[in-house]
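Structural description and commentary
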Amino acid sequence: MKYYLIAGEASGDLHASHLMQSLKEQDPKAEFRFFGGDKMAAVGGTLVKHYRELAYMGFIPVLLHLPTILRNMKMCQQDITEWQPDVVILVDYPGFNLKIAKYIREEKRSQVYYYISPKIWAWKEYRIKNIKRDVDELFSILPFEVEFFEGKHHYPIHYVGNPTAQEVREFLASDNNGQLQTGEKAIIALLAGSRKQEIKDNLPAMIEATRHLTGQYDLVLAGAPSIEPSYYEPFLKGSAVRIVYNETFPLLAQATAALVTSGTATLETCMFRVPQVVCYYTPLPRLIGMLRKLILKVKYVSLVNLIADREVVKELVAETFSVENIRRELEAILPGGTHRQQMLDDYEDVHRRLGESDAPDHAAKLMIQLLQNK
């Protein structure tokens, strides 16, 4: 069968590549064409557009790049129409992907499957109407989404397990799981996001909050694969922080603690059982802090806390984001800190809730069965 996949950022590229590998193993005649990244390209098929040309975040960047975004969307629509896949598999990235889903429904050319469902339980819940109308099958990777989609909105979905949990398990079980070059110092990992705006907003505070620990710890930043090294240079100049690329898992496997910008990285850090502080800067923090209570439908921003349904990791967001708060919360989770052991104990509950399912294999098997039954 012919599979067209659309992933718009680094985490989507990773998860989509594993799904493609599972589809390939279970469907020997699988053909792939995709918007994605290097990991998807390594599996095989045709890379139409790299996610580096898609990933714009925030109102102003999106507005400034609107002509490019619209051209990419038009190109994607035309490419799908010309290739005529059996199914289009959308991977997160809802602003772009839900518009593609609407186009495909109107054209009535392919099935639309959504792998890694849009996080409409956090905000923009009105998008459930688009999903019900335009998406044929939705595959969830977060256990609490079942109650949201099926219980609240009466829209049946497939919970297939969590690919991040599976990816970490496989990494830890492998013989060649990589080792960072380190000295005698323990490591504090800095994961400042995968987009330029996130890095610009969060990394300076992370560096300043860890400056006093330079003599005790090796401070290591995980470089985002889509960001050129030159972008990091002004931030790192004059600091003891060193950067590594394509080694996030080896970094977390050896880290003692971490400062993490909210996103998939918070869950990865939990899966490696590394105590963390979640740091997410916002402009106009007091205003955003008030609006957050009105706009967001959930109590937390990190996946760890959302899965546990309680505060496992400290979230410093909007008005609570400051160098002083980051420094204080980090010291509380370092060895001997007051919160370290409790966080490690609570991580075990998150592991239990996610389960042991092999998400890509489970999803691929379901997708192929559903397509065959069509």
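**Observations regarding the overall build of the protein**
- What the protein contains, in helices and strands, is 17 helices and 13 strands.
- Projected onto its principal axes, the C-alpha coordinates of the protein cover approximately 60 × 50 × 45 Å.
- Counting across all 374 residues of the protein, residues that qualify as buried make up 54%.
- Pairs at least 24 residues apart make up 66% of the contacts formed inside the protein by residues separated by at least 6 positions.
- Only carbon and sulfur atoms are counted for the fraction: they give 52% of the accessible area of the protein, which is about 17,100 Å².
- For the protein, the distance from the average position of its 44 positive side-chain charges to the average position of its 46 negative side-chain charges is 6 Å.

**What about the packing of helix H1 (residues 10-26) against helix H17 (residues 359-373)?**
- H17 packs onto H1 with a crossing angle of 55° between their chain directions and a minimal axis gap of 8 Å. The angle between H1 and H17 places the two elements in the oblique class. Helix-helix and strand crossings are classified by hand; for H1 and H17 the assignment is right-handed. When H1 is examined against H17, the residues His18, Leu19, Ser22, Leu23, Glu25 and Gln26 are found in contact with a partner set consisting of Pro360, Asp361, Ala363, Ala364, Lys365, Met367 and Ile368.

**Describing the sheet that holds strand E9 (residues 217-223)**
- On the basis of which strands lie adjacent, the open sheet formed by 6 strands has the order E10-E9-E8-E11-E12-E13 and parallel pairing. Two strands lie at the open edges of the sheet, namely strand E10 (242-245) and strand E13 (314-317), each paired on one side alone. Adjacent strand axes in the sheet meet at a mean angle of 25°, parallel and antiparallel pairs treated alike.
- Here strand E12 (residues 276-280) runs beside E13; their pairing, made up of 4 bridges, is parallel. Paired with Cys279 across the bridge in E13 is Leu316.
- Its contacts with the sheet put helix H9 (residues 196-210) on strand E8 (186-191), E9, strand E11 (255-260) and E12, and the angle it makes with E8 is roughly 155°.

**As for the pairing of strand E5 (residues 111-115)**
- Burial analysis of E5 places 5 of its 5 residues in the buried class, the great majority of the element.
- Across the two faces of E5 the burial is the same, with Gln111, Tyr113 and Tyr115 and Val112 and Tyr114 all buried.
- Across 5 bridges, the pairing between strand E4 (residues 87-91) and E5 is parallel. Bridge pairing in E5 links Val87 to Gln111.
- What joins E4 to E5 is helix H5 (residues 94-107), and the crossover it makes is right-handed.
- Where E5 and strand E6 (residues 137-140) come together, 3 bridges link them in parallel fashion. When the sheet's bridge partners are listed, Tyr115 is paired in E6 with Phe139.

**Some words on empty space enclosed by the protein**
- Applying the stated criterion across every chain, the model contains 2 cavities of 30 Å³ or more.
- Quantified by volume, the largest cavity comes out at close to 150 Å³.
- Taken together, 16 residues line the largest cavity, and the ones lying closest to its centre are Asp92, Ile116, Lys119, Ile141 and Thr264.
- Those elements that place two or more of their residues in the lining of the largest cavity are H1 and helix H12 (264-271).
- Along the lines of polarity and charge, the residues of the lining of the largest cavity split into 6 nonpolar, 7 polar and 3 charged.

**Remarks on the pairing of strand E1 (residues 2-7)**
- In terms of residue burial, E1 counts as a mostly covered element, since 5 of its 6 residues are buried.
- Relative to strand E2 (residues 31-36), E1 runs parallel, the two being bridged by 5 bridges. In the sheet register, Leu5 faces E2, and the bridge partner there is Phe34.
- Relative to E4, E1 runs parallel, the two being bridged by 5 bridges. Following the sheet pairing, Tyr3 is matched in E4 by Val87.

**Examining the pattern of salt bridges**
- For the structure shown, the criterion picks out 18 salt bridges.
- For Glu9, the salt bridge goes to Arg195, with nearest N and O atoms at 2.3 Å. Here the residue Glu9 occupies a position in the loop between E1 and H1, and Arg195 occupies one in the loop between E8 and H9, the gap between them amounting to 186 residues.
- A relative accessible area of 15% means that Glu9 is categorised as buried.
- Here Asp79 and Arg33 are joined by a salt bridge, their closest N and O atoms 2.7 Å apart. Of this pair, Asp79 sits in helix H4 (residues 66-83) while Arg33 sits in strand E2; the two residues are 46 residues apart in sequence, bridging distant segments of the chain.
- By relative accessible area, Asp79 is classed as buried at 10%.

Analysis parameters
Residues numbered from 1 in each chain as written. Predicted model: local features only at pLDDT ≥ 70, side-chain atom pairs only at ≥ 80, totals over all residues. Heavy atoms only, no water. Helix = DSSP H or I, 4+ residues; strand = E, 2+ residues; numbered from the N terminus. Buried < 20%, exposed > 50% of the residue type's maximum accessible area, 1.4 Å probe, protein only. Contact = heavy atoms within 4.5 Å. Areas by Shrake-Rupley, 256 points an atom, 1.4 Å probe, with all protein chains shown as cover. Lys, Arg positive; Asp, Glu negative; His and termini not counted. Charge placed at Lys NZ, Arg CZ, Asp CG, Glu CD. Axes fitted to C-alpha atoms, helices over the stretch in contact; angles between N-to-C directions. Parallel < 35°, antiparallel > 145°, perpendicular 65-115°, else oblique. Left-handed = near helix turned anticlockwise from the far one by under 90°. Pairing = 2+ DSSP bridges. Right-handed = clockwise from strand over helix to strand, strands pointing away. 1 Å grid on protein atoms, 1.4 Å probe; cavity = no way out; pocket = protein on both sides within 12 Å on 5 of 7 lines; lining within 4 Å. Points joined across faces, edges and corners; volume = space filled by probe spheres on them. Nonpolar A, V, L, I, M, F, W, Y, C, P; charged D, E, K, R; others polar. Salt bridge = Lys/Arg side-chain N within 4 Å of Asp/Glu carboxyl O.

Note that every value here comes from positions in space, so none of it alone points to a role or purpose.
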